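Here is what each chain is made of, one letter per residue.
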Amino acid sequence: MIEQLFDIGKISIEWTSREPLTGSRSTETAHREILAGGVEPRGTKAAIPTARRGVASARAHRDAVVDAVSGPIVRRARVEHSGIRRRRASGGTTPGHGGVGPRGTSRRDRAERHRRARSSPLPPSGVRQATPRPSLRLRCVSVAPEPAQNPGKLQTSGKLQTSGQAQASSVDRRPMIAPSILSADFARLAEEAASVGPADGRPGADWLHVDVMDNHFVPNLTLGLPVVQALRAATDIPLDCHLMIEDPDRWAVGYAEAGAHNVTVHAEAAADLLGIARDLRAAGSRAGLSIKPNTPLEPYLDVLRHYDTLLVMSVEPGFGGQSFIPETLAKVRQARHLVDTGHLRLLVEIDGGVNAQTIEAAAEAGVDCFVAGSAVYSAVDAGEAVEHLRSRAVAAASAVHRTAG
Ligand SMILES: O=C(CO)[C@H](O)[C@H](O)COP(=O)(O)O
């Protein structure tokens with residue numbers, strides 16, 4: 001771990017990374033650029049004026065730093081202490097819902113005050129400027145890119161073309177299998193997890209898929225945070241938490257904090273998809289976005305640039321053991337194309353009705369990670385079922401490669 005502490009103007013930033021960050025700019029340069037307002041980090045335009053003005057917004061500043069400095073490789077960033085005082089208008093406190101003026105002033109008054117504040121080096125009348133002092137301590141933990149053999153790592157070597165539409169980029173993908181514990185025996189979850197883990201020279205499941213259902217977003221109720229915490233302690237298999245719940249804006253980050261490797265929310269349920277992705281990554285997990293079979297991909301293409309995984313549902317969410325909906329593969333092909341052409345950088349997952357018969361079509365379409373519930377846990381040997389599914393996916397992906405080559 002390398003720790004760096006920068007004092008830039010009145011803001012101190014502590015930076016911790018496992019290795020020096022590489023890229024077009026150093027962390028120090030990036031921080032300086034952010035504070036000078038001269039950088040436009042990916043997707044965080046809104047945060048920059050806040051940081052530039054020095055107005056207290058530890059969270060916005062953190063997000064700006066996180067996105068600008070190293071984008072997707074930053075895994076954790078949290079503000080340890082924020083002492084910057086908010087601007088206060090005399091005689092009133094700052095309202096909490098987006099406004100910045102004193103209570104009772106009109107929107108026009110506030111807009112005018114903002115305009116003057118921006119064009120003048122002096123604080124606007126009636127507004128006390130934040131005291132210039134080292135007051136914000138931002139601690140960012142950057143995790144070095146995962147080694148090539150890690151689950152989910154996309155390798156840019158090799159020449160495996162990943163969809164029927166044979167793209168220019170060369171991405172070598174090892175199909176991943178994520179058994180869904182929805183089909184496991186809930187009374188023996190630790191054993192069920194172990195049954196798909198590495199054994200007898202078998203690599204085992206790449207991820208363990210955990211279906212969280214709230215009986216509101218879907219008509220079924222399964223498990224929640226305490227079970228995820230218990231599973232986290234019981235297995236080393238990375239947990240892939242699929243939240244089929246309402247208001248994931250409120251709950252998702254808890255799963256990341258509980259140690260989930262990937263936390264997926266539904267596009268149909270979330271209010272602030274950008275905020276969720278940011279919070280999940282900041283809490284140390286990957287951010288996943290899921291869409292139901294009838295939800296199109298197009299409206300989410302922009303926001304997906306901030307996500308690490310896309311979970312295409314190939315059944316209506318809610319229950320295991322349903323039949324695979326082949327039409328959903330069009331979205332897989334679309335996502336695959338965008339990944340292969342460098343427009344998106346994420347892992348494509350499919351969930352629902354995946355078995356030895358359907359996995360090949362999904363692999364040909366370009367899926368990276370296959371969620372399978374009943375096909376694994378209804379088998380006599382769950383571990384063997386994982387390997388069988390993986391070998392079918394490898395064979396199908398290789399066939400596509402040969403055709404494309
Ligand atoms: O999210 C899910 C259902 O909503 C499950 O993960 C999925 O259905 C897996 O079960 P199966 O492989 O038996 O279809």
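Each residue is numbered by its place in its chain's sequence as written, counting from 1. Selection of residues for local features in this predicted model requires a pLDDT of at least 70, selection of side-chain atom pairs for listing and counting requires 80 or more, and totals for whole chains, interfaces and linings are taken over all residues. Excluded from the side-chain calculations are hydrogens and water; all other atoms, namely the structure's heavy atoms, are used.

## Overview of the overall build of the protein chain
Reasoning step 1: We count a stretch as a helix when DSSP gives it H or I for four or more residues in a row; a strand needs E for two or more, and each element gets its number in order from the N terminus. Scanning the protein chain for helices and strands turns up 12 helices and 14 strands.
Reasoning step 2: When accessible area is computed with a 1.4 Å probe and restricted to protein chains, residues below 20% of their type maximum are described as buried, those above 50% as exposed, and intermediate ones as partly exposed. Counting every position in the protein chain, which comprises 405 residues, the buried fraction comes to 51%.
Reasoning step 3: In the protein chain, 65% of the contacts between residues at least 6 apart in sequence involve partners at least 24 apart.
Reasoning step 4: Methods summary: accessible areas were calculated by the Shrake-Rupley approach with a probe of 1.4 Å, and residue burial reflects only the protein chains presented. Approximately 18,700 Å² of the protein chain is accessible, and the part contributed by carbon and sulfur atoms is 50%. Contacts are assigned to residue pairs with any non-hydrogen atoms lying within 4.5 Å of each other.

## Here's the deal with unusual backbone geometry
Reasoning step 1: Of note, Asp-200 is a non-glycine position whose phi angle comes to about 50°, a positive value.
Reasoning step 2: Structurally, the position occupied by Asp-200 is in the loop between helix 5 (189-194) and strand 8 (208-213).
Reasoning step 3: Asp-200 gets classed as exposed once you look at its relative accessible area, which sits at 77%.
Reasoning step 4: Backbone geometry places Asn-215, a non-glycine residue, at a positive phi of 65°.
Reasoning step 5: Among the secondary structure elements, Asn-215 is positioned in the loop between strand 8 and helix 6 (225-234).

## A few points about the site of the ligand
Reasoning step 1: By convention in these notes, a residue is near a molecule or strand provided one of its non-hydrogen atoms lies within 4 Å of it. Around the ligand, a shell composed of 21 residues is seen, among which Asp-211, Gly-318, Asp-351, Gly-373 and Ser-374 lie nearest.
Reasoning step 2: Gly-373 is positioned with one of its backbone polar atoms (N or O) 2.8 Å from an oxygen atom of the ligand.
Reasoning step 3: A distance of 2.5 Å is found between an oxygen atom of the ligand and a side-chain nitrogen or oxygen belonging to Ser-374.
Reasoning step 4: Taken by itself the ligand offers 370 Å² of open surface, and the protein chains cover 100% of this. In protein, a polar contact requires one atom able to donate a hydrogen and another able to accept it; more generally it is a pair of N or O atoms within 3.5 Å, and residues adjacent in sequence count only if both atoms are side-chain atoms.

## Observations regarding helix 9 (residues 329-340)
Reasoning step 1: Compared with the 16 Å implied by 1.5 Å per residue over 12 residues, the 16 Å span of helix 9 between its first and last C-alpha is a close match.
Reasoning step 2: For helix 9, the complete set of buried residues consists of Leu-329, Lys-331, Val-332, Ala-335, Arg-336, Leu-338, Val-339 and Asp-340.
Reasoning step 3: Contacts made by the buried residues of helix 9 are with strand 11 (286-291), strand 12 (309-313), strand 13 (347-351) and helix 10 (359-365). Multiplying 1.5 Å by the helix residue count minus one yields the expected span of that helix.

## Remarks on the UniProt feature "binding site: a divalent metal cation" (unreviewed entry) in the protein chain
Reasoning step 1: In the numbering adopted here, UniProt assigns the feature "binding site: a divalent metal cation" (unreviewed entry) to His-209, Asp-211, His-242 and Asp-351. Taken together, the annotated residues stretch across 143 residues yet fold into one region, lying no more than 10.6 Å apart by C-alpha.
Reasoning step 2: In this fold, His-209 is placed in strand 8.
Reasoning step 3: Leaving out residues up to four positions away in the same chain, His-209 has contacts with Ala-178, Pro-179, Ser-180, Ile-181, Asp-240, His-242, Leu-311, Glu-349, Asp-351 and Val-371.
Reasoning step 4: Of note is the side chain of His-209, whose polar atom sits 2.9 Å from the side chain of Asp-211. UniProt positions are given in the numbering used here, feature names are shortened, and annotations may be inferred rather than shown by experiment.

## Things to note about the packing of helix 7 (residues 248-257) against helix 8 (residues 273-282)
Reasoning step 1: What counts as an axis is a line fitted to C-alpha atoms, over the stretch in contact for a helix, and the angles between N-to-C directions run from 0 to 180 degrees. Between helix 7 and helix 8, the least distance of the axes is 9 Å, while the angle of their chain directions is 15°. In terms of orientation, helix 7 lies roughly parallel with respect to helix 8. Along this stretch, helix 7 crosses helix 8, giving a crossing that reads as right-handed. When helix 7 is examined against helix 8, the residues Pro-248, Asp-249, Ala-252, Val-253 and Ala-256 are found in contact with a partner set consisting of Ile-276, Asp-279 and Leu-280. Working definition: roughly parallel below 35 degrees, roughly antiparallel above 145 degrees, roughly perpendicular at 65 to 115 degrees, and oblique for all remaining angles. Take the far helix as your reference; a near helix turned counterclockwise from it by less than a right angle gives a left-handed crossing, and one turned clockwise gives a right-handed crossing.

## Observations regarding the pattern of salt bridges
Reasoning step 1: Whenever a carboxyl oxygen of Asp or Glu lies within 4 Å of a side-chain nitrogen of Lys or Arg, that contact is scored as a salt bridge. Summed over all chains, the structure comprises 12 salt bridges.
Reasoning step 2: A salt bridge links Glu-192 to Arg-188; the shortest N-O distance between them is 3.8 Å.
Reasoning step 3: On the accessibility criterion, Glu-192 (10% relative accessible area) is buried.
Reasoning step 4: The exposure class assigned to Arg-188 is partly exposed, which follows from its relative accessible area of 34%.
Reasoning step 5: Through salt bridges with shared partners, a single ionic network connects Arg-174, Asp-206, Glu-387 and Arg-390.

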